[in-house]
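Notes for the structure review
Each chain is listed here by its residues.
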Amino acid sequence: MKNSCTSMPSRRALLISAATLTAAPLLAHAANTRGKAIRIVVPFPAGGGTDVMGRLIALELGRELNATVIVDNVPGATGTLGSAQVARSAPDGFTLLLGISATHSIAPALFKDLKYSPERDFVALARIAHGGNVLVANAKYAADTLPEMLALVKRSGAPLMYGSWGTGSGGHLAVESIRLSTGIPMEHVPYKGVAPLLQDLAGGQIEVAMADVAGALPLLQAGKIKALAVSGRKRSSALPQVPTLVESGVAFDTEIWYTLFAPAKLSPVDVQRLAQASAQVLLQPRVVEKIRSLGMEAEPISREAFEKQWHEDTAVWARLVQVSGVTVN
């Protein structure tokens, strides 16, 4: 009896053992992160809206994880170059991607030789922000609203030259939805970024453009350009007086989003850890207010809810690319 009792582990020993096993992956990861930074790849140049969002999340995620989190700008090919790099990265929790609608919903329909599969090669950790873009015009443009712009183009009979930050971008396709819905003649002028686009708009080289709200806000506040409408499901908190495309008579409400992704084979333990940390970041009032100042909304949702939105948006963008005939070289 004595031998039997001695050979059997006590309840306390079993609990300690179970707790140790449960904590082991987290402890191992903590040990491995010492001196090694987590890298968030932003697949666009420094200074743009995606870069600003990436640096905000890197700072706050670093605080939440008590770790060093840095931003690495890897621009090129409308965001797909940096995205492909992360898709090929080791799934160890040290390389993440701030993906957007363009890289993970639009790209599959736009690029025949896309070097990654958004759904196969990535796991979504958290939707960081969502919202719309803004249709803006030069301050001297004769129209102050989208309906006035449509009437002006119809009276003139000449195609409206409009700009976006790139062929196949969310801004380009949103304006294509206006063209398809109204039948007015329009011609696209692609730019290599929002900054040169807005510079030409303010200078009068083009009259109308679709831009991200964050990039357009300084010029809007300075009175150098004006807002005609916003895309997305609701008005922007940064531009509450500006109606949506739907309110203006164009049935297009698909929004854009920023989402933190990791390589698909990241362990469930790390997925949970990073998703929970991201969720905590989005509960911080200072983060919510900063995101709103960029013309977006935080409003965290479950990973399952985001995946549903992701799949639905991908289908919408694919149909729009097909119907509009947009192609890239």
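For the structure given in this document, a descriptive report is provided here. Every chain's residues receive numbers from 1 upward, in the order its sequence appears when written. The predicted nature of this model means local features are confined to residues of pLDDT at least 70 and side-chain atom pairs, given and counted, to a pLDDT of 80 or more, with totals for whole chains, interfaces and linings taken over all residues. Water and hydrogen atoms play no part in the side-chain values, which are based on all heavy atoms of the structure.

Moving on: the sheet that holds strand β11 (residues 296-297). Between any two strands, pairing holds if DSSP finds at least two bridges. Each helix is a run of DSSP H or I of at least 4 residues and each strand a run of E of at least 2, with the numbering of both proceeding from the N terminus. Across the sheet, six strands lie side by side as β2-β1-β3-β10-β4-β11; this open sheet has mixed pairing. Both outer strands of the open sheet, β2 (69-73) and β11, are each paired with one neighbouring strand and no more. Relative to strand β3 (residues 95-100), strand β1 (residues 38-42) runs parallel, the two being bridged by three bridges. Bridging from a neighbouring strand, Val 41 pairs with Leu 97 of β3. With respect to the sheet, helix α11 (residues 268-281) is in contact with β3, β4 (122-131) and β10 (256-263), its orientation differing from that of β4 by roughly 10°. By definition in these notes, contact holds between two residues if any of their heavy atoms fall within 4.5 Å. Only the stretch in contact is used when a helix axis is fitted, and all axes are lines through C-alpha atoms; the angle between N-to-C directions ranges over 0 to 180 degrees.

Another point: the pairing of strand β7 (residues 186-190). Two faces make up the sheet, and in a regular strand the side chains alternate between them. Here strand β6 (residues 160-164) runs beside β7; their pairing, made up of five bridges, is parallel. Its bridge partner being in β7, Gly 163 is matched across the sheet by Val 189. If you view a crossover with the strands going away from you and the path from the first strand over the helix to the second runs clockwise, you call it right-handed. With helix α8 (residues 170-182) bridging β6 and its parallel neighbour β7, the resulting β-α-β unit is right-handed.

Ranked by size, the top nonpolar core spans 82 residues in total, and within it Ile 128, Met 149 and Ile 291 carry the most contacts. Looking at this core element by element, the count peaks at seven residues for β4. The criterion is simple. A nonpolar core is a set of buried Ala, Val, Leu, Ile, Met, Phe, Trp, Tyr and Cys residues joined through side-chain atoms within 4.5 Å. Think of it in three bands: residues with accessible area under 20% of the maximum for their type are buried, residues over 50% are exposed, and the middle band is partly exposed, with areas taken using a 1.4 Å probe on protein chains only.

Our next topic: unusual backbone geometry. A positive phi angle, near 55°, is found at Ala 77, a position not held by glycine. With respect to the helices and strands, Ala 77 occurs in the loop between β2 and α4 (80-87). Overall, Ala 77 belongs to the partly exposed group, its relative accessible area being 47%. The residue Glu 299 is not glycine, and still its phi comes out positive at about 40°. Topologically, Glu 299 is positioned in the loop between β11 and α13 (303-324).

Points on a 1 Å grid, built from protein atoms alone, make a cavity when a 1.4 Å probe fits but cannot get out and make a pocket when they are open with protein on both sides within 12 Å along at least 5 of 7 lines; residues with an atom within 4 Å of a point are the lining residues. Grid points are joined across faces, edges and corners, and a volume is the space filled by probe spheres set on the points. Within this structure, the stated rule accounts for one cavity of 30 Å³ or more. Taken as a whole, the largest cavity spans an internal volume of roughly 50 Å³. Lining the largest cavity are Gly 49, Met 53, Gly 132, Asn 133, Asp 212, Val 213, Ala 214, Ile 256, Tyr 258, Leu 294 and Met 296. When contributions to the lining of the largest cavity are tallied by element, the ones reaching two or more residues are α3 (49-65), α10 (213-221) and β10. Residues are grouped as follows: nonpolar covers Ala, Val, Leu, Ile, Met, Phe, Trp, Tyr, Cys and Pro; charged covers Asp, Glu, Lys and Arg; every other residue, Gly included, is treated as polar. A per-class count over the lining of the largest cavity returns seven nonpolar, three polar and one charged.

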